[in-house]
Amino acid sequence: MKNTIQLPVVTPKGVFLAHYSEQGLVELNFPDGGNHHASRLTREGETQRRPALPAPMLQWHQTTTEALHAVLAGRAAKALPPLDWTGKTEFQQSVWRELLKLGPGNTRSYGEIAAAIGRPKAVRAVGGACGANPIPVLVPCHRVLAANKKLGGFSGGLGWKRRLLGREGVMRNA
DNA sequence: GACAGATGAAGGA
DNA sequence: TCCTTCATCTGTC
């Protein structure tokens, strides 16, 4: 695992933590620590803070912040920073790329995502790829529902999934 | 190589 | 409807 720089992203919903490598955004952690990737990284001390940040990174962080605010408000992100998926499998990346095509209020089932990437039977694997998504919210794995329109699961916790979908008008009582 | 998993579909109560 | 069971595919250890 490469070293990353972590920067806080202050939102009305709490302070997210963004991790950047030299290639782009590597990971995004929920405020409540619901993202298991975050706790692991922090424990292992694989991240570090640096006083002087490269200019591109500051630009990415600003883009990330704006995108996060937009998504949390139920709007589409105008732009996303470069996403660093190095080390991830081709299958996972294809699933995440498909998720990036989904706009606010636009949901798909795990089966539909599987079919969209040309592997209609790999529905369970799509669930696994969603769970392995290090950049939730920006890579909208919360917009993937089970076939029966149930929530399914969410790495950041089902509460977040309900909240995000509620903001986008997908779920009532959210 | 074995096992687990954020599923989906089918069958039965 | 709801629940249970099984098939399927991929990632991880």
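Residues numbered from 1 in each chain as written. Chains lettered and ligands numbered in written order. Predicted model: local features only at pLDDT ≥ 70, side-chain atom pairs only at ≥ 80, totals over all residues. Heavy atoms only, no water.

A. Geometry of the overall build of chain A. Helix and strand content of chain A: six helices and six strands. For chain A, the sequential pattern of α-helices and β-strands runs β-β-β-α-β-α-α-β-α-α-β-α. When burial is assessed residue by residue, chain A has 46% of its 174 residues classed as buried. Excluding contacts between residues fewer than 6 apart, the proportion of contacts in chain A whose partners are at least 24 apart in sequence is 59%. When the accessible surface of chain A is summed, it comes to about 8,700 Å², and 51% of that surface belongs to carbon and sulfur atoms. (Helix = DSSP H or I, 4+ residues; strand = E, 2+ residues; numbered from the N terminus. Buried < 20%, exposed > 50% of the residue type's maximum accessible area, 1.4 Å probe, protein only. Contact = heavy atoms within 4.5 Å. Areas by Shrake-Rupley, 256 points an atom, 1.4 Å probe, with all protein chains shown as cover.)

B. Broad picture of unusual backbone geometry. Phi at V137 takes a positive value of approximately 75 degrees, unusual for a residue other than glycine. With respect to the helices, strands and loops of the structure, V137 is situated in the loop between α5 (123-131) and β6 (144-145). Taking relative accessible area as the criterion, V137 reaches 1% and is therefore assigned buried. Its identity is not glycine, yet K149 carries a phi of approximately 70 degrees, on the positive side. K149 gets classed as exposed once you look at its relative accessible area, which sits at 60%.

C. The arrangement of the environment of A122 in detail. Mapped onto the elements, A122 comes out in the loop between α4 (110-116) and α5. By relative accessible area, A122 is classed as buried at 17%. A C-alpha to C-alpha distance of 8.8 Å links A122 and Y110, two positions twelve residues apart in sequence.

D. A look at the nonpolar core. Counting 37 residues, the largest nonpolar core has F16, L68, V95, W96, L99, C130 and L138 as its most contacted members. Only β1 (4-11), β2 (14-20), β3 (25-29), α2 (55-72), α3 (90-100), α4, α5 and α6 (158-167) provide two or more residues apiece to this core. In terms of residues, this core owes the most to one element, α2, which gives six residues. (Core = buried A, V, L, I, M, F, W, Y, C linked by side-chain atoms within 4.5 Å.)

E. Molecular detail of α5. Of all the residues in α5, the buried ones are V126, A129 and C130. One side of α5 holds all its buried residues, which, seen down the axis, span an arc of 100 degrees. (Arc of directions from axis to C-beta.)

F. Region of the structure containing the protein's contact with DNA strand B. Taken together, 14 residues form the shell around DNA strand B, and within it Y110, R124, C130, A147 and G153 come nearest. At the protein interface, 36% of the atoms of DNA strand B within 4 Å belong to sugar or phosphate. Between DNA strand B and G111 there is a distance of 3.2 Å, counted from a phosphate oxygen to a backbone nitrogen or oxygen. Contact distances for DNA strand B include 3.2 Å between a base nitrogen and a backbone N or O atom of S155. Ranked by the residues each element gives to the surface near DNA strand B, the list is headed by α5, at five residues. (Near = heavy atom within 4 Å. Polar contact = N/O pair within 3.5 Å; in protein donor to acceptor, adjacent residues only side chain to side chain.)

G. Geometry of the protein's contact with DNA strand C. Close contacts around DNA strand C come from T89, F91, Q92, R119, K121, A122, R124 and A125, and that covers them all. When the atoms of DNA strand C within 4 Å of the protein are sorted by group, sugar and phosphate make up 86%. Taking T89, its side chain carries an N or O atom lying 2.9 Å from a phosphate oxygen of DNA strand C. Within the surface near DNA strand C, the residues separate by chemical class into three nonpolar, two polar and three charged. (Nonpolar A, V, L, I, M, F, W, Y, C, P; charged D, E, K, R; others polar.)

H. Structural view of the pairing of β2. Burial of β2 is extensive: five of the seven residues sit out of reach of the surface. In terms of strand pairing, β1 meets β2 through seven bridges, oriented antiparallel. Residue Q6 lies in a different strand from β2, and its bridge partner there is H19. With antiparallel pairing between neighbouring strands as the criterion, β1 and β2 make up a hairpin whose turn holds two residues. Of the pairings in the sheet, the one linking β2 to β3 comprises four bridges and is antiparallel in character. Considered in β3, the bridge of A18 is made with L28. The loop that links β2 with its antiparallel partner β3 comprises four residues; one of these, G24, has a positive phi angle of about 150 degrees. (Pairing = 2+ DSSP bridges.)

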